[in-house]
Amino acid sequence: MSNELFNIFSAIGIGLTFLASIAAVIVSIISLRYSNKVAKRSGYLCTITASRDKWSNSLRESSSLYFTQIARICSGQEDNLEEIYNELTRYHFAIVLLLFEQDEEIHNNMSVVRSKAFEIVDQSNIINQQYKKLKESPNATETYIESQEVVVKARQKMYDLRCSILNDYQGRIFNGIRNLLEREWRKQQYEATGMWKEK
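Residues numbered from 1 in each chain as written. Predicted model: local features only at pLDDT ≥ 70, side-chain atom pairs only at ≥ 80, totals over all residues. Heavy atoms only, no water.

## Topic: the overall build of the chain
What the chain contains, in helices and strands, is five helices and zero strands. The N-to-C order of helical and strand elements in the chain reads α-α-α-α-α. Of all 199 residues assigned to the chain, the portion counted as buried reaches 29%. Put simply, the chain shows about 13500 Å² of open surface, and 57% of that area lies on carbon and sulfur atoms. (Helix = DSSP H or I, 4+ residues; strand = E, 2+ residues; numbered from the N terminus. Buried < 20%, exposed > 50% of the residue type's maximum accessible area, 1.4 Å probe, protein only. Areas by Shrake-Rupley, 256 points an atom, 1.4 Å probe, with all protein chains shown as cover.)

## Quick look at helix 2 (residues 81-99)
Given 3.6 residues to a turn, an α-helix orients residues that are three or four positions apart in the same direction. End to end, helix 2 covers 27 Å across 19 residues, agreeing with the expected 27 Å (1.5 Å per residue, within 8%). Taken residue by residue, helix 2 has Leu81, Ile84, Tyr85, Leu88, Thr89, Tyr91, His92, Ile95, Val96 and Leu99 as its buried positions. Downstream of helix 2 by a residue or two, Phe100 has a phi angle that is positive, lying close to 40°. (Expected span 1.5 Å × (residues − 1).)

## Concerning the pattern of salt bridges
Going through the model one piece at a time under the given rule, you end up with six salt bridges. We note a salt bridge from Arg90 to Glu87, for which the minimum N-O separation is 3.5 Å. Taken as a pair, Arg90 and Glu87 lie in helix 2 at a separation of three residues, close to a single helical turn. Here Arg155 ties to Glu146 by a salt bridge, and the two come within 2.7 Å at their closest N and O atoms. Taking the relative accessible area as the measure of exposure, Arg155 reaches 28% and is therefore partly exposed. A residue is classified by how much of its surface remains accessible, and Glu146, at 24% relative accessible area, is partly exposed. (Salt bridge = Lys/Arg side-chain N within 4 Å of Asp/Glu carboxyl O.)

## Here's the deal with the packing of helix 2 against helix 3 (residues 104-135)
Taken N-terminus to C-terminus, the directions of helix 2 and helix 3 make an angle of 170°; their axes are 10 Å apart at the nearest point. Comparing their axes, helix 3 and helix 2 come out roughly antiparallel. Contact residues: Leu81, Glu82, Tyr85, Leu88, Thr89, His92, Phe93, Ile95, Val96 and Leu99 in helix 2; Ile106, His107, Met110, Ser111, Val113, Arg114, Ala117, Phe118, Ile120, Val121, Ser124 and Asn125 in helix 3. Here the residues of the contact of helix 2 with helix 3 are counted per class, giving 14 nonpolar, six polar and two charged. (Axes fitted to C-alpha atoms, helices over the stretch in contact; angles between N-to-C directions. Parallel < 35°, antiparallel > 145°, perpendicular 65-115°, else oblique. Contact = heavy atoms within 4.5 Å. Nonpolar A, V, L, I, M, F, W, Y, C, P; charged D, E, K, R; others polar.)

## Thoughts on the packing of aromatic side chains
One pass over the full model with this rule turns up three aromatic pairs. Following the ring pairs from residue to residue traces out a cluster consisting of Tyr66, Phe67 and Phe174. Sitting over the ring of Tyr169, Arg172 keeps its end group 5.2 Å from the ring centre. (Phe/Tyr/Trp six-rings, centres within 6.5 Å; stacked < 30°, edge-to-face > 60°. Lys NZ or Arg CZ within 6 Å of the ring centre and 35° of its normal.)

## Here we look at the side chain of Lys116
The topology assignment puts Lys116 in helix 3. Buried charge Lys116 goes without a salt bridge, the closest partner of opposite sign being Glu119 at 5.7 Å. (Lys, Arg positive; Asp, Glu negative; His and termini not counted.)

## Overview of a nonpolar patch on the surface
A contiguous nonpolar surface patch, about 800 Å² in accessible area, is contributed by Ile8, Ile12, Leu16, Phe18, Leu19, Ile22, Ile26 and Ile30. With respect to the helices, strands and loops of the structure, Phe18 is situated in helix 1 (residues 2-73). (Patch = residues over 30% accessible without salt bridge, like charges linked within 9 Å, V, L, I, M, F, W, Y side chains within 5 Å.)

## Details of unusual backbone geometry
Even without being glycine, Asn80 reaches a positive phi, approximately 60°. Looking at where Asn80 falls in the secondary structure, it is placed in the loop between helix 1 and helix 2. Classification of Asn80 as partly exposed rests on a relative accessible area of 46%.

## Thoughts on the side chain of Gln69
Tracing the backbone shows Gln69 in helix 1. Leaving out residues up to four positions away in the same chain, Gln69 has contacts with Ile84, Glu87, Leu88 and Tyr91.

The analysis is restricted to geometry; functional conclusions fall outside its scope.
Following this line, the structure appears as structure tokens:
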């Protein structure tokens, strides 16, 4: 009887060990699947976040340099206007490429600013040509040249263009870009929290 009892307990022990092994394998498989799922979500989230951060940082940097060129061209300085215009154009297109049709209003306002900046350069060239033309005359003083109708009109037009850029367009562009960056930040927050809430 003791052999039979020993065999029964041995069979029960072997059965329980087998069941415990199967349970351990099942728990391991479930744990592995869950950790793989979390790793995929985490990897996806890191990739998306890094991409969005890079985009936001590029937009911030290009915008900062763009607004610097607007300040320079509207400051009243006469030197290097063509160079400033070229830099403004460079950052204009950098921003346009980053936006890729996300906000047509920003693009349209930036195009108007670029056009007005070109007109400022054009008016500056008219003034420079007038100076070159009249400097050859022995009686031409700076006051005389500045009083010429062509120069007076060009200076007034430059002033009006600069005021228009600063008062009518700069704020719209700035607010539009700021709103885009805020929307992008909200998307990042939503994706980060939404990814971890998924089951």
